[in-house]
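# Tertiary structure, described
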Amino acid sequence: MNAQTDSGGEQQDGRMSFDEAVRHVSLGGAAAFAVTPVFEDDQEAAAGARIYLLAPDGKGGYFMQFVAGPFFSAAYAANERLAPQDIPERMRELRYMPTRYEEDWLSDQVQLLIQKLMQASGAEMAHMPDYKNAVRPHAEAEVVFPVAFIGKGNPTKH
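## Structural notes on the packing of aromatic side chains
For the coordinates displayed, the defined rule picks out four aromatic pairs. Seen from their ring centres, Phe 18 and Tyr 96 are 5.9 Å apart, and the 65° between their planes marks the pair as edge-to-face. Taken together, the residues span a long stretch of sequence, with Phe 18 in helix α1 (residues 18-26) and Tyr 96 in the loop between α2 (89-92) and β7 (97-99) at a distance of 78 residues. Tyr 96 matches Phe 18 in its accessibility class, with the two residues each being buried. Centroid distance Phe 71 to Phe 72: 6.5 Å. Interplanar angle 70°. Geometry classified as edge-to-face.

Shown next as structure tokens:
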């Protein structure tokens, strides 16, 4: 998303404070989200991400879906629904982007979830890879995978 500067010199990139995001969601906005990268001890590139998704609860309020996990894995380290009173202060300090989401997106790999939330926000994604349509390496149909390799072969061999 292109950042613009307002008359006060602050950068305007379409993101909202937590309170603005709550108002957006409560007044009929579909959702709002923030993302923070997760780094391994000695890596420069992020190994995963934390996603903070504010969404309407259907009763005039909102909740936060907190998702965290490594990239390229469908196994999440966290996938929790938080009530407003349970949202930690550090999550309230983030900047949120308006978006929409579908419940089944929460079962996607972390990088796909981020891509879908970004696309739904209408943000410009010039530097984000297209993970959904990326070519994935796969074995040909005639390739046989040795069962012993995955631990189901001879129980006495390791």
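We are not done yet, so read on.
## Notes on helix α3 (residues 110-121)
Between the first and last C-alpha of α3 there are 17 Å, a value that for twelve residues agrees with the 16 Å anticipated at 1.5 Å per step. Most of α3 sits out of view: ten of its twelve residues are buried. Against the buried residues of α3 lie β3 (31-38), β4 (48-56), β5 (62-70) and β7. Residue Gly 122 follows α3 closely and has a positive phi angle near 85°.

## Side note on the side chain of Asp 108
Mapping Asp 108 onto the fold places it in the loop between β7 and α3. In this structure the side chain of Asp 108 is engaged in a polar contact, spanning 2.5 Å, whose partner is the side chain of Lys 116. Ignoring sequence-local partners within four residues, the contact set of Asp 108 consists of Tyr 76, Leu 113 and Lys 116.

Rules of the game
Every chain begins its residue count from 1, and numbering advances along the sequence as written. Totals for whole chains, interfaces and linings use every residue, but because this is a predicted model, local features are given only for residues with pLDDT of at least 70 and side-chain atom pairs only at 80 or more, for both listing and counting. Excluding hydrogens and water, the side-chain figures rest on all heavy atoms present in the structure. Each Phe, Tyr or Trp ring (for Trp, its six-membered ring) is paired with any other whose centre lies within 6.5 Å, and the angle between the two planes then decides the class: stacked below 30 degrees, edge-to-face above 60, tilted in between. Helix and strand labels come from DSSP, where a helix needs a run of H or I of at least four residues and a strand needs a run of E of at least two; each type is numbered from the N terminus. Burial here depends on accessible area, computed with a 1.4 Å probe over protein chains only, as a share of the maximum for the residue type. Under 20% is buried, over 50% is exposed, and the range in between is partly exposed. Residue count minus one, scaled by 1.5 Å, sets the expected span of a helix. Whether two residues are in contact is decided by their heavy atoms: any pair within 4.5 Å suffices. Side-chain atoms alone can form a polar contact between residues adjacent in sequence; in general such a contact is a pair of N or O atoms within 3.5 Å, and within protein one must be able to donate a hydrogen while the other accepts it.

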